[in-house]
Amino acid sequence: MVHETLAATNAVVTLDVAIPDIFWGWYVTMNMWAKSIGTGLVFMLFLLLKKNSSEMNGLRTPVMITSFIFMNIFLIFTWLDLHQMWRMWHIFFYPHWTSAITVGAWMATLFVGLEFVMIAVMIRKEKCLLTKQPTAFFDKTLFWVTLLAIPVTLYTAGIMAEATARELWQMPTESAQMILAATLSGSAAMILLGGSKLSDETKSFFGSVLGLSALMAFIIYMSEYIFGAMKAEEVAAILHYVKGDGEYATMFWIGQWVAYILPMLLVALYRVSGSNSILSLAAILAIAGLWVVKHVWLVIPQLLPLS
Amino acid sequence: MQLGFLVDLHLCMGCKGCEIACKVENEVPLSTWRLRVKYVDVGTYPETKRTFTPLRCNHCENAPCERICPVSALHYIDNGIVNIDKERCIGCAGCVMACPYGAIYIDPETQTADKCTYCAHRIASSMMPACVVACPVEANIFGDLEDPTSNISTYIQQHTDVQVRKPEKGTNPHHYYVGASQAHLNPLASRREEGYNLFNKITTLPLGGHH
Ligand code: SF4
Ligand code: SF4
């Protein structure tokens, strides 16, 4: 951690009461994790619509409801994490538009509202003013909801970029990781939800999305792990927490193995064997591992003393 | 008007008078600090010396805390101070993540963000910040950076070693130091070892979020 400490200066802090504390802990991890699944499912539903719309039958409502549930988990944990949760309404009445938190809160609210309308239309089978068939309305709205899902999933990267104190969180790396987290967890959730409703070809397609997302996210993490320290001393200091016998080294590697390495291997195995259980296992591991990966990356920059 | 601070570290003797004055003036709760004096011991025995660095909010011109605050609880006022409206704050801790100097804390009593305001309430009544008044050696120099004849501007003109903390962050702090070394200003330039503090095993109230 002390890259500039020289034997000559031998500088040791002997009195400093500012103790670093983790202000964004596992509630924020839950927030990011659930949002990735919620938005990722919408991406995958849209891909399914474009790839093979006949397989949408029986999947529109359950997938959208699952996405809606995860988006609400995301909203609840965001809300619970506020130290003044009953003042949440200030975001809507005193918005500050330079803040990615404000922009995100507005977009996420709109996103969840649209999801609710789509679910309501499908459940009540109401004929819409705009279209004659609920499914036609659903499919048309899905395009706009998918477009909105992009900034909704990315805005947390915007918050991380605005967190000037945390050098580890850089744009555009975090944007790439957010979108990959959504495609990873979305494809995994789709594989699990789709079950027998999906053809082997479609399952294999989502398996490929899962495997490639895992591969790309893993490459980015490893690039930061190996090369991050060469550009900035703060990054080097932070990465010490996940290297060697660092406080979060074990958790970091558990996350990398469970979220990325094992799912990649299992997807490869699935492509050889065609076994659905292997693909389901890859999906479960990816979803569980993503939480760990996100948590470690969230917490480690907060361990560094800033002053 | 652009108010700013300068600390002449040649003069500071680490008495912590400013720290206490700030605590009393602003009723800063236990376990939290708006201003603190950090001690760093430098050298190897018997060639050792102790350095003192008063640390407070830098009232950055390009303040990341103001930018990230979703409800404008953190805002600029006309005299350049970055102020906080505690009634507006929702306690999201975005500012805690954004301030590169660790200047913001969540007040354990009000559960809202708080920090040094350069004693904006005293300035409104034409008084100096409490820490400036308390300093027995006048190491804290406070004034208008836009007035070339102010004490702080003259001090900056007359000294060559005027520095700010973490200039690479692009925050453009309005808080300067004269006579600083890396050990004073760079948190990565010194070690933190349990057992080497003047007070060990300090207990603090839990301030953070949900781990
Ligand atoms: S030092 Fe920190 S709290 Fe003060 S203005 Fe700059 S970013 Fe904000
Ligand atoms: S904790 Fe309060 S002051 Fe800080 S960013 Fe959030 S709302 Fe603004």
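Preceding this section is the structure that the text describes.
Residues numbered from 1 in each chain as written. Chains lettered and ligands numbered in written order. Predicted model: local features only at pLDDT ≥ 70, side-chain atom pairs only at ≥ 80, totals over all residues. Heavy atoms only, no water.

*Asks:* Would you mind showing me how to read the overall build of chain B here?
*Replies:* Secondary structure summary: chain B contains seven helices and ten strands in total. The C-alpha atoms of chain B give 17 Å as radius of gyration, which agrees with the globular expectation for 211 residues (17 Å, within 12%). The principal-axis extent of the C-alpha atoms belonging to chain B is close to 50 × 50 × 35 Å. The burial tally for chain B puts 57% of its 211 residues in the buried class. Taking the contacts inside chain B whose residues are at least 6 apart along the sequence as the reference set, 57% of them involve residues at least 24 apart. In the structure as shown, chain B presents an accessible area of about 9,100 Å², 53% of it carried by carbon and sulfur atoms. Averaged over its 19 positive side-chain charges, chain B has a centre that lies 7 Å from the centre of its 22 negative ones. (Helix = DSSP H or I, 4+ residues; strand = E, 2+ residues; numbered from the N terminus. Rg over C-alpha atoms; globule rule 2.2 N^0.38 Å. Buried < 20%, exposed > 50% of the residue type's maximum accessible area, 1.4 Å probe, protein only. Contact = heavy atoms within 4.5 Å. Areas by Shrake-Rupley, 256 points an atom, 1.4 Å probe, with all protein chains shown as cover. Lys, Arg positive; Asp, Glu negative; His and termini not counted. Charge placed at Lys NZ, Arg CZ, Asp CG, Glu CD.)

*Asks:* Explain the site of ligand 1 to me, please; I cannot follow it from the model alone.
*Replies:* Every one of the 13 residues lining ligand 1 counts as a neighbour, but B:Cys57, B:Asn58, B:Cys60, B:Cys65 and B:Cys99 are closest to it. Tallied by class, the residues present in the shell around ligand 1 amount to ten nonpolar, two polar and one charged. (Near = heavy atom within 4 Å. Nonpolar A, V, L, I, M, F, W, Y, C, P; charged D, E, K, R; others polar.)

*Asks:* It is not clear to me how the site of ligand 2 should be interpreted in this structure. Could you clarify?
*Replies:* The full set close to ligand 2 counts 13 residues, and B:Cys69, B:Cys89, B:Cys92, B:Ala93 and B:Cys95 are the nearest of them. Taken together, the residues of the shell around ligand 2 break down into twelve nonpolar, one polar and no charged.

*Asks:* What is the right way to read a nonpolar patch on the surface from this model?
*Replies:* Residue and element names in this part refer to chain A. On the surface, Phe 143, Trp 144, Leu 147 and Ile 150 cluster together into a nonpolar patch covering about 400 Å² of accessible area. Along the chain, Leu 147 turns up in helix H5 (residues 134-162). Judged by relative accessible area, Leu 147 falls into the partly exposed class, the value being 41%. (Patch = residues over 30% accessible without salt bridge, like charges linked within 9 Å, V, L, I, M, F, W, Y side chains within 5 Å. Salt bridge = Lys/Arg side-chain N within 4 Å of Asp/Glu carboxyl O.)

*Asks:* Would you mind showing me how to read the pairing of strand S3 (residues 47-55) of chain B here?
*Replies:* In regular strands, side chains alternate between the two faces of the sheet. Residues and elements named next belong to chain B. The pairing of strand S2 (residues 36-44) with S3 spans nine bridges and is antiparallel. Across the sheet, the residue bridging to Arg 36 is Leu 55, located in S3. Linking S2 to S3, which pair antiparallel, is a turn of two residues. (Pairing = 2+ DSSP bridges.)

*Asks:* Whenever I open this one, the packing of helix H1 (residues 26-51) of chain A against helix H10 (residues 276-299) of chain A confuses me. Can you help?
*Replies:* What describes two packed helices is the angle between their axes and the distance between those same axes. Residues and elements named next belong to chain A. Their axes nearest at 9 Å, the elements H1 and H10 cross at an angle of 135°. Relative to H10, H1 is oriented oblique. Considering how the two elements wind past one another, H1 and H10 form a crossing that is right-handed. Contacts between H1 and H10 involve Trp 26, Val 28, Thr 29, Met 30, Met 32, Trp 33, Ser 36 and Ile 37 from the former and Ile 287, Leu 290, Trp 291, Lys 294, His 295 and Leu 298 from the latter. Here the residues of the contact of H1 with H10 sort into ten nonpolar, three polar and one charged. (Axes fitted to C-alpha atoms, helices over the stretch in contact; angles between N-to-C directions. Parallel < 35°, antiparallel > 145°, perpendicular 65-115°, else oblique. Left-handed = near helix turned anticlockwise from the far one by under 90°.)

*Asks:* What am I meant to see in the pattern of salt bridges here?
*Replies:* Following the criterion strictly, the structure yields 13 salt bridges over all chains and no others. Of the charged contacts, one joins B:Arg36 and A:Asp16 as a salt bridge, the two residues approaching to 2.5 Å between their closest N and O atoms. Here A:Asp16 lies in the loop between strand S1 (12-15) and H1 and B:Arg36 lies in strand S2, a pairing that spans two chains. This pair shows no difference in class: B:Arg36 is buried, exactly as A:Asp16 is. Put simply, B:Glu193 and B:Arg191 hold a salt bridge, and the shortest N to O gap is 2.5 Å. For B:Arg191, a relative accessible area of 23% corresponds to the partly exposed category. Among the ionic contacts, a cluster of salt bridges with common partners joins B:Arg34, B:Lys86, B:Asp107 and B:Asp114.

*Asks:* Please clarify how the sheet that holds strand S1 (residues 3-8) of chain B should be interpreted in this entry.
*Replies:* Strands in a sheet are paired, the pairing made by backbone hydrogen bonds, and the direction either parallel or antiparallel. Residue and element names in this part refer to chain B. The strand order S8-S1-S10-S9 describes an open sheet built from four strands, whose pairing is mixed. Of all strands in the sheet, those bounded by a partner on one side alone are strand S8 (140-144) and strand S9 (162-163). With four bridges joining them, S1 and strand S10 (residues 175-178) adopt parallel strand pairing. Across the sheet, Val 7 pairs through a bridge with Tyr 177, a residue of S10.

*Asks:* How should the nonpolar core be read in this particular structure?
*Replies:* Nonpolar side chains in soluble globular proteins tend to be buried together. All names here are of chain A. Ranked by size, the top nonpolar core spans 150 residues in total, and within it Phe 111, Leu 142, Trp 169, Met 190, Tyr 260 and Ile 300 carry the most contacts. With 15 residues, H1 is the largest single contributor of residues to this core. When residues no more than four places from it in sequence are discounted, the contact partners of Phe 111 are Thr 39, Val 42, Met 71, Val 145, Leu 148, Ala 149 and Val 152. (Core = buried A, V, L, I, M, F, W, Y, C linked by side-chain atoms within 4.5 Å.)

*Asks:* Just checking my understanding: could you explain the interface of chain B and chain A for this structure?
*Replies:* One frequent convention defines the size of an interface as the accessible area lost when the parts assemble. With 65 residues of chain B at the interface, the matching set in chain A holds 57 residues. Contact between chain B and chain A buries roughly 5,600 Å² in total, counting both sides, with carbon and sulfur atoms accounting for 56%. Across the pair B:Lys169 and A:Glu234 runs a salt bridge whose closest N-O atoms are separated by 3.2 Å. Of all the secondary-structure elements, those providing two or more residues to the side of chain B that touches chain A are S2, S3, helix H2 (64-68), helix H3 (94-98) and helix H7 (182-185) of chain B. Broken down by element, the residue count for the side of chain B that touches chain A peaks at nine residues, all from S2(B). Its residues assigned to classes, the side of chain B that touches chain A comprises 31 nonpolar, 18 polar and 16 charged. Across three bridges, S1(A) lies against S2(B) in antiparallel orientation. Bridge pairing in S2(B) places A:Val12 opposite B:Asp41. (Buried area = accessible area lost by both parts, 1.4 Å probe.)

*Asks:* Which parts of the structure should I look at to understand the side chain of B:His174?
*Replies:* All names here are of chain B. Topologically, His 174 is positioned in the loop between S9 and S10. Polar contacts involving the side chain of His 174 include one to the side chain of Glu 61, which spans 3.3 Å. If near-sequence neighbours (up to four positions away) are discounted, His 174 is found in contact with Gln 2, Leu 3, Gly 4, Phe 5, Asn 58, His 59, Cys 60, Glu 61, Tyr 118 and Leu 145. (Polar contact = N/O pair within 3.5 Å; in protein donor to acceptor, adjacent residues only side chain to side chain.)

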